[in-house]
Amino acid sequence: MFKTELHCHSKSVSECARVSNEEIIEKYTNAGYTTLVLANHFNLGTQYFHKCENSYDDFITAYLKGYEDLKKDAEGKLNVLLGMELRFKENSNDYLVFGITEEFLRNNDVLYNMNPESFSKLARENGILFIQAHPFRNSMTIVRPQFLDGVEVFNGHMGHDSRNEIAEAWADKFNLIKTSGTDFHYNHVPANAGILTENEITDMDALIKILKSGEYTLIKGE
């Protein structure tokens, strides 16, 4: 079986993270993972956003560099896929987004000005999965299920009560895709979430196909 992490941050982009590329690679390879989704924060508080002289293209270049550098450093050791943790201006909700590309990001410069309904439409037009992260953590707001493809039913962040059991019941009630992620920010935290699959996931198309099929087992802090 192959292990894939779906929710990891690096300090090169996410201001709240404290882990270097070297630490990420060591942590996940030692834990037996073959694939990792780098889901750095994408919002107005993202590191470097305020340093880009209000140029959206500069921000995207800086945002993608975090992914490109980790992918290069991990070559031959770990598959690194591009994701994001998106937050709109309207509240503190966070959303995991799987299937973005550089072209998509550069052609859509108002993502953080959108809302779940408008982004859901855009995501589905572009084959992107839209998943609410830790939906029952304090300060989160309930989103109408029809706007989502899934919810994160296990979030391993040790600094928050994500009420994972409620999130899983919610996913069951509304037949939503279930995901699990360590929400990795700090090197002292164990890498112990994600999914198990029979085949190695080497690209985002394969990951999306697997998540839609349900042919995986959740890793939930084991």
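This structure is a prediction, so every number in the text was calculated from the model and none was measured. (Residues numbered from 1 in each chain as written. Predicted model: local features only at pLDDT ≥ 70, side-chain atom pairs only at ≥ 80, totals over all residues. Heavy atoms only, no water.)

Describe helix H1 (residues 21-30), and please don't skip the residues or the numbers.
Looking only at H1, the buried set comprises Asn-21, Ile-24, Ile-25 and Tyr-28. In an axial view of H1, the angular spread of the buried residues amounts to 95 degrees, which keeps them on one side of the axis. In H1, those exposed residues whose orientation departs by more than 90 degrees from the buried face are Glu-22 and Asn-30. Against strand S1 (2-8), strand S2 (33-38) and helix H2 (56-73) lie the buried residues of H1. Backbone geometry just downstream of H1 places Gly-32 in the positive-phi region, at approximately 85 degrees. (Buried < 20%, exposed > 50% of the residue type's maximum accessible area, 1.4 Å probe, protein only. Helix = DSSP H or I, 4+ residues; strand = E, 2+ residues; numbered from the N terminus. Arc of directions from axis to C-beta. Contact = heavy atoms within 4.5 Å.)

So what's going on with the packing of aromatic side chains? Residues and values would help.
Inspection of the entire model under this criterion finds twelve aromatic pairs. Measuring from centroid to centroid gives 5.6 Å for Phe-136 and Trp-170, while their planes differ by 75 degrees, and the two rings are edge-to-face. Of the two residues, Phe-136 sits in the loop between strand S6 (129-132) and strand S7 (150-155) while Trp-170 sits in helix H5 (residues 164-174), which places them 34 residues apart along the sequence. Given a relative accessible area of 22%, Trp-170 falls into the partly exposed group. (Phe/Tyr/Trp six-rings, centres within 6.5 Å; stacked < 30°, edge-to-face > 60°.)

Outline unusual backbone geometry, listing residues and values.
Notably, His-134 is not glycine yet its phi reads approximately 30 degrees, a positive angle. Along the chain, His-134 falls in the loop between S6 and S7. A residue is classified by how much of its surface remains accessible, and His-134, at 1% relative accessible area, is buried. One non-glycine residue with positive phi stands out, namely Ser-139, at about 80 degrees. Relative to the helices and strands, Ser-139 is located in the loop between S6 and S7.

Give a description of helix H6 (residues 204-213) that names residues and reports values.
Residues of H6 that are buried include every one of Met-204, Leu-207, Ile-208, Ile-210 and Leu-211, and no others. Each buried residue of H6 lies within a common arc of 165 degrees when the element is viewed along its axis, so the set occupies one face. Looking at H6, the residues exposed on the side facing more than 90 degrees away from the buried face are Asp-205, Lys-209 and Lys-212. The distance from a side-chain oxygen at the start of H6 to the backbone nitrogen of Asp-205 is 3.3 Å, and the residue carrying that oxygen is Asp-203. Of the residues flanking the end of H6, it is Gly-214, one or two places downstream, whose phi is positive at about 80 degrees. (Polar contact = N/O pair within 3.5 Å; in protein donor to acceptor, adjacent residues only side chain to side chain.)

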